[in-house]
Amino acid sequence: SQQGEEDPQALSIQEGENATMNCSYKTSINNLQWYRQNSGRGLVHLILIRSNEREKHSGRLRVTLDTSKKSSSLLITASRAADTASYFCATDRSNFGNEKLTFGTGTRLTIIP
Amino acid sequence: EPEVTQTPSHQVTQMGQEVILRCVPISNHLYFYWYRQILGQKVEFLVSFYNNEISEKSEIFDDQFSVERPDGSNFTLKIRSTKLEDSAMYFCASIFGVGLNTEAFFGQGTRLTVV
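An account of the accompanying structure is given in this report. Chains are numbered independently. Their residues run from 1 in the order of the written sequence. Chains and ligands are labelled by the order in which they are written, letters from A for the one and numbers from 1 for the other. Local features in this predicted model are restricted to residues whose pLDDT is 70 or higher, and side-chain atom pairs enter the listing and the counts only when it is 80 or higher, whereas totals over whole chains, interfaces and linings include all residues. Think of the side-chain values as coming from all heavy atoms in the structure, minus any hydrogens and water.

## A word on the interface of chain A and chain B
Often, the extent of an interface is quoted as the loss of accessible area upon association of its parts.
For step 1, the next point in the chain: Note on contacts: a residue pair is in contact if any heavy atoms of the two residues lie within 4.5 Å. Contact residues are listed per partner, giving 25 residues for chain A and 22 residues for chain B.
For step 2, the next point in the chain: Two parts placed together each lose some accessible area under a 1.4 Å probe, and the buried area is that loss summed for both. Each partner contributes to the roughly 1,900 Å² buried at the junction of chain A and chain B, and carbon and sulfur atoms together form 51% of this total.
For step 3, the next point in the chain: Looking at the side of chain A facing chain B, the largest losses of area belong to Leu43, Asn98 and Lys100 of chain A, adding up to 28% of the total buried there.
For step 4, the next point in the chain: Any Lys or Arg side-chain nitrogen found within 4 Å of a carboxyl oxygen on Asp or Glu counts as a salt bridge. Here chain A and chain B share one salt bridge between them.
For step 5, the next point in the chain: Where lysine 100 of chain A meets glutamate 56 of chain B, a salt bridge forms, and the shortest distance between an N and an O atom there is 3.2 Å.
For step 6, the next point in the chain: Whenever a nitrogen or oxygen atom comes within 3.5 Å of another N or O atom, the pair is scored as a polar contact, on the condition that within protein one atom can donate a hydrogen and the other can accept it, and that pairs from neighbouring residues in sequence are kept only if both atoms are in side chains. The interface formed by chain A and chain B holds seven residue pairs in polar contact (both at pLDDT 80 or more) in total.

## As for the layout of surface pockets
For step 1, the next point in the chain: Grid points spaced at 1 Å and placed over the protein atoms alone form the basis of the search, with a cavity being a set where a 1.4 Å probe fits but cannot get out and a pocket an open set showing protein on both sides within 12 Å along at least five of seven lines. Lining residues have an atom within 4 Å of a point. Grid points are joined across faces, edges and corners, and a volume is the space filled by probe spheres set on the points. Estimates place the volume of the largest pocket at around 350 Å³.
For step 2, the next point in the chain: Elements that contribute at least two residues to the lining of the largest pocket include exactly strand 9 (85–92) and strand 11 (107–112) of chain A.
For step 3, the next point in the chain: Residues are grouped as follows: Ala, Val, Leu, Ile, Met, Phe, Trp, Tyr, Cys and Pro are nonpolar; Asp, Glu, Lys and Arg are charged; every other residue, Gly included, is polar. Its residues assigned to classes, the lining of the largest pocket shows four nonpolar, twelve polar and two charged.
For step 4, the next point in the chain: Every residue lining the second largest pocket is counted, 13 residues in all, and those nearest its centre are Pro2, Glu3, Val4, Phe106 and Gln108 of chain B.
For step 5, the next point in the chain: Runs of H or I in DSSP of at least four residues are treated as helices and runs of E of at least two as strands, each being numbered from the N terminus. At the level of elements, strand 5 (43–50) of chain A together with strand 1 (5–7) and strand 10 (105–106) of chain B are the ones that each hand at least two residues to the lining of the second largest pocket.

## Here we look at the state of the cysteines
Covalent bonding between the sulfur atoms of two cysteines is what defines a disulfide.
Residue and element names in this part refer to chain A.
For step 1, the next point in the chain: Defined by distance alone, a disulfide is two cysteine sulfur atoms within 2.5 Å. The tally for this structure, following the rule as stated, stands at two disulfides over all chains.
For step 2, the next point in the chain: The side chain of cysteine 23 participates in a disulfide bridge whose partner is cysteine 89; the two sulfur atoms lie 2.0 Å from each other. Around the S-S axis, the bridge from cysteine 23 to cysteine 89 shows a dihedral of about 65° and counts as right-handed. In this pair, cysteine 23 sits in strand 3 (residues 19–24) while cysteine 89 sits in strand 9, placing the two residues 66 residues apart along the sequence.

## Overview of the packing of aromatic side chains
For step 1, the next point in the chain: Pairing of aromatic rings covers Phe, Tyr and the six-membered ring of Trp, with a centre-to-centre limit of 6.5 Å; geometry is then stacked below 30 degrees between planes, edge-to-face above 60, and tilted otherwise. Going through the model one piece at a time under the given rule, you end up with 14 aromatic pairs over all chains.
For step 2, the next point in the chain: Geometrically, the ring pair formed by phenylalanine 32 of chain B and phenylalanine 75 of chain B is tilted, given 5.6 Å between the ring centres and 40° between the ring planes. Here phenylalanine 32 of chain B is found in strand 4 (residues 31–37), whereas its partner phenylalanine 75 of chain B is found in strand 8 (residues 75–79), with 43 residues between them in sequence. Neither phenylalanine 32 of chain B nor phenylalanine 75 of chain B differs from the other in exposure class; each is buried.
For step 3, the next point in the chain: Ring geometry for phenylalanine 49 of chain B against phenylalanine 75 of chain B: centres 5.3 Å apart, planes inclined by 45°, an arrangement best described as tilted. Here phenylalanine 49 of chain B is found in strand 5 (residues 43–50), whereas its partner phenylalanine 75 of chain B is found in strand 8, with 26 residues between them in sequence.
For step 4, the next point in the chain: In textbook terms, an aromatic cluster arises when at least three aromatic residues are bridged by ring pairs, as seen for Tyr35, Phe88 and Phe103 of chain A together with Tyr33, Tyr35, Phe45, Phe91 and Phe106 of chain B. Accessible area is worked out with a 1.4 Å probe on protein chains only. A residue is then buried under 20% of its type maximum, exposed over 50%, and partly exposed in between.

## Some words on the pairing of strand 5 of chain B
For a regular strand, side chains alternate in direction, first toward one face of the sheet and then toward the other.
Residues and elements named next belong to chain B.
For step 1, the next point in the chain: Of all eight residues in strand 5, six are buried; the element is thus mostly enclosed.
For step 2, the next point in the chain: For two strands to be treated as a pair, DSSP must find no fewer than two bridges joining them. Pairing of strand 4 with strand 5 involves seven bridges; the strand directions are antiparallel. Across the sheet, the residue bridging to tyrosine 33 is serine 48, located in strand 5.
For step 3, the next point in the chain: In textbook terms, the turn of a hairpin is the stretch between consecutive antiparallel strands, and for strand 4 and strand 5 this stretch comprises five residues, one of which, glycine 40, has a positive phi near 80°.
For step 4, the next point in the chain: Taken together, the four bridges between strand 5 and strand 6 (residues 53–57) define a ladder with antiparallel strand orientation. By the bridge assignment, valine 47 is partnered in strand 6 with lysine 57.

The following block contains the structure:
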């Protein structure tokens, strides 16, 4: 498998439920970023977590990072129809966090009203 | 809030033609990137640019591709002779890149269709 693999590939939940998406990676990282992409549109930056951080919150988003397992999770609480989108993790392996990002395959999240 | 802007949003071109995709990164950012996403696939890195030169490029970024920052604001990707397999969404991104400011912000993308 490749750097940055998300699971599940697709997730459908009822509005109001929590959605959890996972990302695994293979090499050591400087940071990991999560992005949202609505169908055919641009990538919206959600949150960045650094390799020395374990958890980060932003509004209804909670991201965890476990560098020993080389994995991260994105939790969206109290989901809304507008959260329907694809979610990608992307890792930066550079020393200073300013080099290329390696993207995962994405999780397609559908919120059922 | 500052944002990365890309033009055009959609370009249709004939195979063999040259195209130039344009980007205006966030004004105080120092590092610039192009990525592409073939329909239904992962976002793939093409090239990074810093201090007016390419800092890294992927194997996709062959001699048909070039990048330029012709002035203080624009960042362009040129494909010299397009092929059908160049059809994809092309994203420009930028980061400030100093200290803790390493979030990468992406534009809305240019959908390139080669016919």
